[in-house]
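Commentary on secondary and tertiary structure
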Amino acid sequence: MINTELITKLVYSVIDEINLELPKTKKLKKKLETQLYGDKSEIDSLSLVNIVVLTEQKIEDKFNISVNLADEKAMSQKNSPYKTIKTFVDYIEKSIE
Amino acid sequence: MLITGTSRGIGKYLTEHYTKKFTVIGCSRKESNYSSSNYTHFCMDVSDEKKVKELFNFIRKKFGRLDYLINNAGKGSMNHSILMPVSVARDILETNVIGTFLFSREAAKIMKNKKFGRIINFVSFAIPFKLEGEAVYAASKAAIVSLTHVLSREYADFGITVNAIAPPATKTDLIKGVQDVKMKSLLKRQAIHRFGNLHEISYLTDFLIGKKNKMITGQIIYMGGV
């Protein structure tokens, strides 16, 4: 059964891969409150795209579920599902329900 | 290589052309009567997101890469706008605009992993010629021009180029129902007053997908001269 813990683990494995390409000062912490999008985020939009796409691919590979994590509120400062790792995990959980 | 709209016309020709060099995945609403050990065909609607994602999952899992995408699938319908049912208008927009958008989006997700990709879209001389009877078709192709411009910028950092070709008037099924007089007047408006040949189109696609072609992106090439 796919639960929050499994999804969080999967997102952290994505963060590990993305961190390989980020400079030391910009590496993302594997914490639920880490900002992925918005004023306090350390990463640029390309890294965010990479996180979303890699997460989609890992979900497909690990859970055999085809999922589309594109969202119309992606660039909303208030409601972006990519705002923090926690909002992203919640959003994934809803998307694959 | 992935080509859409491979059951006939330019798409079928390009499939035959490129299976000589590459593994080609093709799709169309209809079955294809072309067979080659280098070719796999999918029957699908290019605007069906679920099916499109399944196709790209197949490509990613089987090959782990995608170098080239040719968004050739297109639908047209010659009709005065007052006489055009909205269902037909929607179908044209879904196939031409949504299909091109969906395939480009999913292709970029795979291409960016290798930091290399070439996307070629198909537009039409119906845009600059402002062809009467082609209002929705021309509008859909104008949308693809915009997609080409914007996607070329969004995908540049991933090593992906995005260009568009407006093929010359070519004797394919798409113009089968167009009156001779109308075709003659169209040819007069091109700088080169003759039908194009399919090998002239593949000459251009060969050039655009070339690995040495790293600086040409966001361009719309009107063959035959507009």
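Everything in this summary refers to the structure shown in the same document.

Scoring rules and cut-offs
Residues numbered from 1 in each chain as written. Chains lettered and ligands numbered in written order. Predicted model: local features only at pLDDT ≥ 70, side-chain atom pairs only at ≥ 80, totals over all residues. Helix = DSSP H or I, 4+ residues; strand = E, 2+ residues; numbered from the N terminus. Rg over C-alpha atoms; globule rule 2.2 N^0.38 Å. Pairing = 2+ DSSP bridges. Axes fitted to C-alpha atoms, helices over the stretch in contact; angles between N-to-C directions. Contact = placed C-beta atoms within 7 Å. Parallel < 35°, antiparallel > 145°, perpendicular 65-115°, else oblique. Left-handed = near helix turned anticlockwise from the far one by under 90°. Buried ≥ 20, exposed ≤ 12 C-beta atoms within 10 Å, placed from the backbone. Right-handed = clockwise from strand over helix to strand, strands pointing away. Nonpolar A, V, L, I, M, F, W, Y, C, P; charged D, E, K, R; others polar.

Scanning chain B from N- to C-terminus turns up 6 helices and 7 strands. From first element to last, N terminus to C terminus, chain B shows the α and β order β-α-β-β-α-β-α-β-α-β-α-α-β. Taking 17 Å as the expected radius of gyration for a compact globule of 226 residues, we find that chain B reaches 17 Å, a close match to that expectation. Its C-alpha atoms give chain B principal-axis dimensions of about 50 × 35 × 35 Å.

Attention now moves to the sheet that holds strand 1 (residues 2–4) of chain B. Residues and elements named next belong to chain B. With parallel pairing, the 7 strands of this open sheet are ordered in space as 3-2-1-4-5-6-7. The open sheet is flanked by strand 3 (39–43) and strand 7 (220–222), the only strands paired with a single partner. Going across the sheet, the axis of each strand differs from the next one's by a mean of 15 degrees, ignoring polarity. Along the sheet, helix 4 (residues 135–155) makes contact with strand 5 (117–122), strand 6 (160–166) and strand 7, crossing strand 6 at roughly 165 degrees.

Quick look at the packing of helix 2 (residues 49–63) of chain B against helix 3 (residues 86–114) of chain B now. Residues and elements named next belong to chain B. Relative to each other, helix 2 and helix 3 sit at 25 degrees, their axes nearing to 10 Å. As judged from the angle between their axes, helix 2 and helix 3 are roughly parallel. Judged by the sense of rotation from one axis to the other, the crossing of helix 2 with helix 3 is right-handed. Residue-level inspection shows Glu49, Val52, Lys53, Phe56, Ile59 and Arg60 of helix 2 in contact with helix 3, the latter providing Leu102, Phe103, Glu106 and Ile110.

This part takes up the pairing of strand 2 (residues 24–28) of chain B. Residue and element names in this part refer to chain B. Most of strand 2 sits inside the fold, with 5 of its 5 residues counted as buried. Of the two faces of strand 2, the one lined by Val24, Gly26 and Ser28 and the one lined by Ile25 and Cys27 are each fully buried. Inspection of the sheet shows strand 1 paired to strand 2 by 3 bridges, in the parallel sense. For isoleucine 3, the partnering residue across the bridge sits in strand 2 and is glycine 26. The parallel pair strand 1 and strand 2, bridged by helix 1 (residues 9–18), forms a crossover whose chirality is right-handed. Looking at chain direction, strand 2 and strand 3 are connected through 5 bridges and run parallel. Within strand 3, the position partnered with cysteine 27 by the bridge is phenylalanine 42.

Another point: the interface of chain B and chain A. At the junction of the two partners, chain B supplies 7 residues and chain A supplies 6 residues. Top element by residues in the side of chain B that touches chain A is helix 2 of chain B. It accounts for 5 residues. Split into classes, the residues belonging to the side of chain B that touches chain A amount to no nonpolar, 1 polar and 6 charged.

Positive phi values are uncommon outside glycine, yet Asn64(A) reaches one of about 55 degrees. Tracing the sequence through the fold places Asn64(A) in the loop between helix 2 (45–63) and helix 3 (85–95). Exposure remark for Asn64(A): the 8 C-beta atoms within 10 Å place this residue in the exposed category. The phi angle at Lys130(B) is positive, at roughly 50 degrees, despite the residue not being glycine.

Any functional reading would require information beyond the geometric quantities listed.
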